[in-house]
Structures are given as structure tokens and as C-alpha cells.
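# Close look at the chain arrangement
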Amino acid sequence: MAAHRLFLGFMLLILGGKTETRLSVMEKLNNEVTPSHRDLAPDFKEKYFKQVLDHFNYNSLGNGTYDQRYLITDQSWKKGNGPIFFYTGNEGDIWEFARNTGFITELAAVQGALVIFAEHRYYGKSLPFGKDSFNIPEVGLLTVEQALADYAVMITELKEELGAQKCPVIVFGGSYGGMLSVYMRIRYPNIVTGALAASAPILSTAGLGDSRQFFQDVTADFEKFKPACRDAVQGAFQKLNTLAQQKDYRGIQSAFSLCKTPSTPKDIHQLMGLLRNAFTMMAMLDYPYSTHFMGSMPAFPVKVACETMLNGTDLMSALRDTVGIVYNSTGQLTCYDLYSLYVECADPTGCGLGFDSYAWDYQACTEIEMCYESNNVTDMFPPMAFTEQQREQYCSKRWGVVPRPGWLKTQYWGDDLATASNIIFSNGDLDPWANGGIRKSLSPSLIAINIPEGAHHLDLRCTFTELMYNFERNEDNKMHIWLCHLIILPFVLSPPPRESNPNDPESVIMARKEESEIIARWVKAAMKESS
């Protein structure tokens, strides 16, 4: 990986009423770089909001409530006048999204915005029924509609509490969170002025499109690097399939360093899913720098994977070492446990592990449709179908529910979005989710931004790793200024630096610039209308 280099420039900052000279700021820039990843977050305060359990049934659970976690920072806010940037939390702990979505806080520094990251019900610490949240019927209050209502109520009440009734709200989200941002603008346009939906597969998750598209696009990422890479992976899976047909289970255990010898077709199916999932993760997270989001990943993991596949002594061991990029990034595992590293669920692209995986599995059994298949013809993976019938059988057994295909399309308009407004749909060409979203602008206010060199919501990722500088602290030793150079430095430097991370491609730099300009226009128009 190329060495990281940071653009350092002269600038004038005013902190707490104190004006610093350009030279003194430069000295601090040079002397106080902090490399630790997990500490690189804005000065968020973690709070809990007393939230209604069931927004749509007055006879359900009385007036029951639960504590919904959210993060908030007002360090850039022009109190009472600046906009509110609200992240519609998705399927995980809200701190992980806050730490990996720096574009929002840096844009807030420019536009004087209040920033809120809200945790999705049933994820992280926002468990409506504590450890019993995933029992039946308690899990039944996990729906898109309830989550959106949570956000609408939270925004409304916090605006009242903070004296921000006239402050326009822009919602942001990536992946499923991006879907929620689209839905917020559609469902609550009275509350939300505009939405930035990054890598939001609102079409494919509504059952629209080709079920083969996703794994075909995962394959394309590796094929783009080198066609021989696809051939090697495809060949490795074919060899594995041959061993499985011969019931050479000991040979399979040896080839893949499995902790236990597989003994049934079910074990082989589990192995196939684990292997395929690793390639899905590397394609999604094919960032131009190392990351620690959803696990540790090297820079350009697709490139690393292909080089590993093509440089192996044989295809089977090469496949094992390649998936180790995901499952054994530390190199400390001596063997792979099939059932602890990967859990099969109603999402063929993977649900993850722990309570968050239960929540996403349930959502994939109800509203979120992901009947994606691989076939070893249009893609490089083993034939693994996942039909509506298979989904229904699984979900009925696991959760006691029957999926309702077409509900998201009915409820949130599917591909018939022409009457919506003020939504940015950003997608990266390297992201296998991209073609499940909106790739062409639908109107002057329904804007598609395509990022040729972008992986999964790279435009939101303006991360704090290697970009955080501690300029000055207040009496509590907590005050920080965070820099993502694209957003802040152009206002104080000439000429402006070309990137927020030294390895960011030009296409994502331009995408962020366009997004920031569009959002500024939305905010200005909303402020003018409310004045």
C-alpha cells in the first residue's frame, strides 16, 4: 500500500474566541497527528431518547417506550439557524457508522450544522425488550415503518427541545441506511428537506431486477482487475464441487484448514456460503486504503485477493488463503470453524454475527427482499439458488413469518419515484449493490451521482483515520477540530488540496463536492422559505 501523505496548508482558525496565527496552526498540524483509529471520532455525546414502542397501534403494549440511542454533536452548529444533519442508522451499532461516515461532520463544519446519528431499533443498544427483543412476538415491532416513525418523532421532539424548529433537516444514509433516507424524504417530507442516499439498493431489495445481478457484479469487480482472477476462482469452486461429489471430506478439510471434517451436504453448502461471502465483502469494501469497518481490510482488497489467487501453488490452497483476507486478517486463526465465522440466513450476502444478525435476518424475512442467486455461469461462484419458496420455508421455520413480496415497492414507490424530490442517489461502479439502486437522474431534484472508482458508499467515508488533528482543547480536554481536507480547506487555501484522503480517487472527490453544493442549495432554499 502506498504511504499515506497528508496535505498540510496554512490556515486561520478561531477557537473559543482565540485567533491563532497560520504558523502556530501549521506547527500543531506537524506535531500532533494521532493515528489511533477507534479514538478518531468527533466530540459526540451519547444519549438516549424515550421512544414509543408501537407507533401504529394504540392498543398494543399501552404507551410502552424503549430507550433509543443516538449520538449528537453541536460543535459546528450555528445554534437555532444552522441545518440539522441526521444519519438514519442502519443494521448495526451506531458508533461504527459515526466513525466511518466523516463526510457528514466535515460538511457540518462548513454549513454550521447540528449532527445526529440515530440508532435503528433492535440494533446496537437500542433493544426495545432487552435480551428478549428477538423472541416471538416481541421481534414483530422491527419494521421499516416503525424505524422511520422513530426517526420522525426523534427529529421533531429534539428540534423543539433545542429551539431548532426552523432548522431544515437533511438526512444521510449508506446502504440500508441510504434506503431509509430515501424513505424518510418520501414518507415525511414535512420533516425532511432532502436526502443523500449513498449505495442504496432500493430497487433490488424491493424485488425489482434480475436475481443473478448481485453475484454477477461481485464477479465483475474481480474480472475487471484481471480476467484470469475470475477464471481461477471459478476453477477453485469447480474443484471443490468435484471433491464434494466424491465425498472426499477429509481432502476438503485439509485443503481449507477446517476445524472439523465436514460430513454432510449441509456442511458443504455452509462452506460454499462462507467462501462466497468473503468475496462479497472484499468487493463491497474495495476501498483505496485499509479500513476497519465490518472487520479489517487491506487497501484494494480485490487486487490483494486476485494476486493471492493467481500466485498460489494450487487453486484450493489459493482460495483458502484468499478468503483468509476476510476471516483471518490477523493471521492468528489456525483453522476455520464453518458455523461460527459465517451464519446462513435470509440474506444470501450475509447477515453478520450476534444480535445485529438476528435483527437483519428478521428484516430479510419480512420486508427486505434479497432472493439473489449464484450459478457458476454468469458469475464465478458455485450454484446456490435462493428462491421465494426457499425464503418462505426458511422464514416460516426460523421466525414464524411469511414474507410479503412487493411490499417495499408498494409502500415506498419502487422505481416510480418521479413525484419525489430532493434526493441524491450516489453509487460507485465498484460496488456490487450499485445496480440495485438508481443510476440515472430522474428529475432536476432526483439526482444520480455515479462514482467510477467508488466502492460501497465511499463518498460518505471521509474517515478520521490519519486525518484527525488536535488543535486545541477546552477545560474538559475534549474539544477537537476534525479535518477532511476536501470540505474545509478549499475555503481557506488557494489552490485547494485535491483530496480528503491521499488515496481517494478523483471521482469521489468530485462526487463529494457536488453533493455538498446540492445540499447547500437545499438548505438555503428551505431557510428562505421559512423566514
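Residues numbered from 1 in each chain as written. Predicted model: local features only at pLDDT ≥ 70, side-chain atom pairs only at ≥ 80, totals over all residues. Heavy atoms only, no water.

## Observations regarding the overall build of the protein chain
Within the protein chain, the secondary structure is distributed over 17 helices and 12 strands. Within the protein chain, counting contacts between residues at least 6 apart in sequence, those at least 24 apart form 70% of the total. (Helix = DSSP H or I, 4+ residues; strand = E, 2+ residues; numbered from the N terminus. Contact = heavy atoms within 4.5 Å.)

## A look at the nonpolar core
By size, the foremost hydrophobic cluster in this structure holds 151 residues, and its most contacted members are Phe222 and Phe279. Per element, the largest residue contribution to this core is 11 residues, and it comes from helix α9 (residues 265–284). Looking at which domains feed residues into this core, each of domain 1 (45–207 + 411–471 + 501–530) and domain 2 (212–399) supplies at least three. If near-sequence neighbours (up to four positions away) are discounted, phenylalanine 279 is found in contact with Val218, Phe222, Val233, Phe237, Leu319, Thr322, Val323, Met380 and Phe381. (Core = buried A, V, L, I, M, F, W, Y, C linked by side-chain atoms within 4.5 Å. Buried < 20%, exposed > 50% of the residue type's maximum accessible area, 1.4 Å probe, protein only. Domains from an automatic or database assignment.)

## A short note on the environment of glycine 89
Relative to the elements of secondary structure, glycine 89 occurs in the loop between β5 (84–88) and α2 (94–99). Spatially, the C-alpha atom of glycine 89 lies 4.8 Å from that of glutamate 119, the residues being 30 residues apart in sequence. Contacts of glycine 89, omitting those with residues within four sequence positions, involve Ile94, Ala118, His120, Tyr151 and Leu180.

## Concerning unusual backbone geometry
Glycine aside, residues mostly have negative phi angles, and peptide bonds mostly take the trans form. With an omega of 15 degrees, the peptide bond running from isoleucine 136 to proline 137 counts as cis. Following the sequence through the fold, proline 137 ends up in the loop between β6 (114–118) and α4 (144–161). At phenylalanine 300, a residue that is not glycine, the phi angle is positive and equals roughly 45 degrees. Tracing the sequence through the fold places phenylalanine 300 in the loop between α9 and α10 (301–311). A positive phi angle is found at histidine 457, which is not glycine, with a value near 35 degrees. With respect to the helices and strands, histidine 457 occurs in the loop between β10 (446–451) and β11 (468–469).

## Side note on the sheet that holds strand β4 (residues 65–73)
Taking strand neighbours across the sheet as the criterion, the eight strands line up as β3-β4-β6-β5-β7-β8-β9-β10 in an open arrangement whose pairing is mixed. Single-partner strands in this sheet number two, and they are β3 (45–52) and β10. Strand-to-strand twist across the sheet, computed as the mean angle between neighbouring axes with direction ignored, equals 20 degrees. Pairing of strand β9 (residues 423–428) with β10 involves six bridges; the strand directions are parallel. Of the residues in β10, the one forming a bridge with isoleucine 424 is isoleucine 447. Sheet strands in contact with helix α3 (residues 102–111) are β5, β6, β7 (169–174) and β8 (194–198), and its direction is about 170 degrees off that of β5. (Pairing = 2+ DSSP bridges. Axes fitted to C-alpha atoms, helices over the stretch in contact; angles between N-to-C directions.)

## Overview of the packing of aromatic side chains
All chains considered together, the criterion is met by 22 aromatic pairs. Taken together, a centroid distance of 5.4 Å and an interplanar angle of 40 degrees make the contact between phenylalanine 134 and phenylalanine 355 tilted. Linking phenylalanine 134 in the loop between β6 and α4 with phenylalanine 355 in helix α13 (residues 354–366), this pair joins segments that are 221 residues apart in sequence. By relative accessible area, phenylalanine 134 is classed as buried at 9%. (Phe/Tyr/Trp six-rings, centres within 6.5 Å; stacked < 30°, edge-to-face > 60°.)

## Regarding the confidence of the model for the protein chain
Any residue range with low pLDDT should be treated as having predicted coordinates unsuitable for detailed reading. Considering every residue of the protein chain, the mean pLDDT works out to 85; 84% of them sit at 70 or more. Taken together, the stretch residues 1–40 has pLDDT below 50 and engages in 79 contacts with residues farther than four places along the chain or on a different chain. Residue range residues 463–499 is modelled with pLDDT below 50. Its contacts to residues more than four positions away, or to other chains, number 107 contacts. (pLDDT = per-residue confidence, 0-100.)

## Some points on the pattern of salt bridges
A side chain of one charge can pair with a side chain of the opposite charge if their charged atoms are brought near each other. Inspection of the entire model under this criterion finds 15 salt bridges. Within the structure, one salt-bridge network assembled from shared partners comprises Glu46, Arg69, Asp93 and Glu119. (Salt bridge = Lys/Arg side-chain N within 4 Å of Asp/Glu carboxyl O.)

## So, the pairing of β8
When you tally the buried positions in β8, you get five out of five residues, the bulk of the element. Of the two faces of β8, the one lined by Gly194, Leu196 and Ala198 and the one lined by Ala195 and Ala197 are each fully buried. Each parallel crossover has a hand, and the one from β7 via helix α5 (residues 176–187) to β8 is right-handed. In this structure, β8 lies alongside β9, joined through four bridges in parallel fashion. Residue pairing for β9: alanine 197 is matched across the bridge by phenylalanine 425. (Right-handed = clockwise from strand over helix to strand, strands pointing away.)

## As for the packing of helix α8 (residues 249–256) against helix α11 (residues 315–327)
For any two helices packed against each other, one specifies the crossing angle of their axes together with the interaxial distance. In contact at an axis separation of 8 Å, α8 and α11 are set at 50 degrees when each is read in the N-to-C sense. When the interaxial angle is binned, α8 and α11 end up oblique. Here Ser254, Ala255 and Phe256 of α8 come into contact with α11, specifically with Met316, Ser317, Leu319 and Arg320. A per-class count over the contact of α8 with α11 returns four nonpolar, two polar and one charged. (Parallel < 35°, antiparallel > 145°, perpendicular 65-115°, else oblique. Nonpolar A, V, L, I, M, F, W, Y, C, P; charged D, E, K, R; others polar.)

## Focus: helix α7 (residues 227–245)
Along an α-helix, residues three or four positions apart point the same way, because every turn accommodates 3.6 residues. If you check α7, its first and last C-alpha atoms are 27 Å apart, about what 19 residues at 1.5 Å a residue would give, namely 27 Å. Listing the buried residues of α7 in full gives Cys229, Arg230, Ala232, Val233, Gln234, Gly235, Ala236, Phe237, Leu240, Leu243 and Ala244. (Expected span 1.5 Å × (residues − 1).)

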